[in-house]
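# Secondary and tertiary structure notes
Each chain, letter by letter, is given below.
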Amino acid sequence: MLLAIDCGNTNTVFAIWDGQQFLASWRTSTEWQRTADQYYVWLSTLMRLQGIEAQITDMIISSTVPRVVFNLRVLADRYFSTRPLVVGKPDCLLPVDVRVDQGTQVGPDRLVNTVAGHDLYGGDLIMVDFGTATTFDVVDSDGAYIGGVIAPGVNLSLEALHQAAAALPHVDISKPQAVIGTNTVTCMQSGVFWGYVGLVREICARIKAERDREMRVISTGGLAPLFQQSEALFDAFEDDLTTHGLTVIHKFNKDNA
């Protein structure tokens, strides 16, 4: 049994993979202060509530928050007697090349999404991840990661508006019924929603023009379903893209040990 952990800036996902399918996945807020003991109590309680009796033998971690990794390593050692693979570390092999400027460190989540996208859809992809940041990752025809784009995340933009302009309230993102807002909330929602629709469309169009080829656009992340409904921006949506990529990387390392 594999425990795949995707640790983002805002949330961390724990998923149990039995070699064929995910038995369950759970989400918690990312907090670097959380100890290995706290992780285990939380995880074992959820497993028991869902009647899952999984014997974890392997663990793989992708983390954009380096301070979290130490306690996750302790969790693996203390409670599962295993040494976890950590994406981005030298001992964690990738089944795809990374072709970026020398010395550049690519976020592990972006590498994992590239691996997952190539495994599911082949090459010539644009992976759009709606997380704390909105990232665009470009996958070459052979599956290699060749760069991308980073923009502020949707919720981050809304929070910045609220904090920087005293008169503007905190609002939740949703698709407005009309472009022209008739009150402050709908004005803000329209600006952010349609602004991001335009951002995604324009960046993807420019990437395709720069690459001079047809490319499929795959979306993932918490807010991706909201934008999936609009304007045919994406060719596909993958809810568990990152955790799928972690299983592919884990298998590749096992096969090449």
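Let us look at the structure shown here. Within each chain, residues carry numbers counting from 1 in the order of the written sequence. The predicted nature of this model means local features are confined to residues of pLDDT at least 70 and side-chain atom pairs, given and counted, to a pLDDT of 80 or more, with totals for whole chains, interfaces and linings taken over all residues. Side-chain measures here rest on the full set of heavy atoms in the structure, leaving out hydrogens and waters.

## Topic: unusual backbone geometry
- Residues other than glycine seldom take positive phi values, yet Ser-81 does so here, at roughly 50 degrees.
- Helix and strand assignments follow DSSP, with helices taken as H or I runs no shorter than four residues and strands as E runs no shorter than two, numbered in order from the N terminus. Within the fold, Ser-81 resides in the loop between helix H2 (66-80) and strand S5 (85-86).
- Type-normalised accessible area, obtained with a 1.4 Å probe on protein chains alone, sets the label of each residue: buried when under 20%, exposed when over 50%, and partly exposed for intermediate values. What makes Ser-81 exposed here is its relative accessible area of 67%.
- Even without being a glycine, Asp-212 presents a positive backbone phi close to 55 degrees.
- Position of Asp-212 relative to the elements: it lies in the loop between helix H5 (184-211) and strand S9 (216-221).
- A relative accessible area of 68% places Asp-212 in the exposed class.

## Describing the sheet that holds strand S2 (residues 11-17)
- Any two strands are treated as partners once DSSP identifies two or more bridges connecting them. Taking strand neighbours across the sheet as the criterion, the 5 strands line up as S3-S2-S1-S4-S5 in an open arrangement whose pairing is mixed. One side of each edge strand has no neighbouring strand; the edge strands of this open sheet are strand S3 (22-29) and S5.
- Two elements, strand S4 (residues 58-63) and S5, share 2 bridges in a ladder whose sense is parallel. Its bridge partner lying in S5, Ile-60 is registered against Leu-85.

## Considering the packing of aromatic side chains
- Centre distance within 6.5 Å is the pairing criterion for rings of Phe, Tyr and Trp, where only the six-membered ring of Trp is used; planes under 30 degrees apart are then read as stacked, over 60 as edge-to-face, and the remainder as tilted. Taken as a whole, this structure holds 9 aromatic pairs when the rule is applied.
- Directly above the aromatic system of Trp-32 lies the positively charged group of Arg-67, at a separation of 3.5 Å from the ring centroid. Whether a charge lies above a ring is judged from NZ of Lys or CZ of Arg, which has to be within 6 Å of the ring centre and within 35 degrees of the ring normal.

## What about helix H7 (residues 241-255)?
- Under the 1.5 Å per step criterion, the end-to-end length of H7 is 21 Å for 15 residues, consistent within 8% with the ideal 21 Å.
- Across the 15 residues of H7, 11 count as buried, placing the element largely inside the fold.
- When we look at burial in H7, the residues that qualify are Leu-241, Thr-242, Thr-243, His-244, Gly-245, Leu-246, Thr-247, Val-248, Ile-249, His-250 and Asn-253. Every helix has an expected span of 1.5 Å times one less than the residues it contains.

## Some words on the sheet that holds S9
- The 5 strands lie next to each other as S8-S7-S6-S9-S10, forming an open sheet whose pairing is mixed. Taken across any chain shown, the strands that pair with only one partner, and hence form the sheet edges, are strand S8 (145-152) and strand S10 (236-237).

## Section: the packing of helix H1 (residues 36-49) against H2
- Contact pair H1 / H2: the axes reach a minimum separation of 8 Å and the direction vectors enclose 65 degrees. Note on packing geometry: the crossing formed by H1 with H2 is right-handed. The segment H1 lies against H2, with Ala-36, Asp-37, Tyr-39, Tyr-40 and Leu-43 engaging Val-68, Asn-71, Leu-72, Val-74, Leu-75, Arg-78, Tyr-79 and Phe-80. Here an angle of 0 to 180 degrees is reported between the N-to-C directions of two axes, which are lines fitted to C-alpha atoms, with helices fitted over the stretch in contact. Handedness of a crossing is defined here by the sense of rotation of the near helix relative to the far one, left-handed for an anticlockwise turn of less than a right angle and right-handed for a clockwise turn. Contacts between residues were defined by any pair of non-hydrogen atoms, one from each residue, lying within 4.5 Å.

## Considering the pairing of strand S1 (residues 2-7)
- Burial within S1 is extensive, with 6 of its 6 residues counted as buried.
- Along S1, one buried face is formed by Leu-2, Ala-4 and Asp-6 and the opposite face, lined by Leu-3, Ile-5 and Cys-7, is buried too.
- Relative to S2, S1 runs antiparallel, the two sharing 6 bridges. When the bridges of S2 are listed, Asp-6 appears paired with Val-13.
- A loop of 3 residues connects S1 with S2, the two strands running antiparallel in sequence.
- Judged from the 6 bridges that link them, S1 and S4 form a sheet pairing that is parallel. By the bridge assignment, Ala-4 is partnered in S4 with Ile-60.

## Let's talk about the side chain of Thr-134
- Relative to the assigned elements, Thr-134 resides in strand S7 (residues 133-139).
- On the basis of relative accessible area, Thr-134 is assigned to the buried category, the value being 0%.
- Every residue in contact with Thr-134, bar those within four places of it in the chain, is listed here: Val-128, Asp-129, Val-149, Ile-150, Ala-151, Pro-152, Gly-153, Val-154 and Tyr-196.

## Points about the environment of Gln-38
- With respect to the helices and strands, the residue Gln-38 is situated in helix H1.
- Under the relative-accessibility criterion, Gln-38 is labelled partly exposed at 45%.
- Distance in space between the C-alpha atoms of Gln-38 and Asn-71 is 9.7 Å, their sequence separation being 33 residues.
- Residues adjacent in sequence count toward polar contacts only when both atoms are side-chain atoms; beyond that, a polar contact is any pair of N or O atoms within 3.5 Å, and within protein one must be able to donate a hydrogen and the other to accept it. Within polar-contact distance, the side chain of Gln-38 engages the backbone nitrogen of Thr-35 at 2.8 Å.

## Re the nonpolar core
- Residues Phe-130 and Phe-227 are the most contacted members of the largest nonpolar core, which totals 26 residues.
- The dominant element in this core, judged by the number of residues it contributes, is H5, at 9 residues.
- Once you skip the residues sitting within four places of it in the chain, Phe-227 turns out to touch Phe-130, Val-154, Phe-193, Tyr-196, Val-197, Leu-233 and Phe-234. In this description, a nonpolar core means a group of buried Ala, Val, Leu, Ile, Met, Phe, Trp, Tyr and Cys residues linked to one another through side-chain atoms lying within 4.5 Å.

## With respect to the pairing of S4
- Burial analysis of S4 places 6 of its 6 residues in the buried class, the great majority of the element.
- Residues of S4 alternate between two faces, with Asp-58, Ile-60 and Ser-62 on one and Met-59, Ile-61 and Ser-63 on the opposite face, all of them buried.
- For crossovers, right-handed means that the path from the first strand over the helix to the second runs clockwise, given strands pointing away from the viewer. Handedness of the crossover joining S4 and S5 through H2: right-handed.

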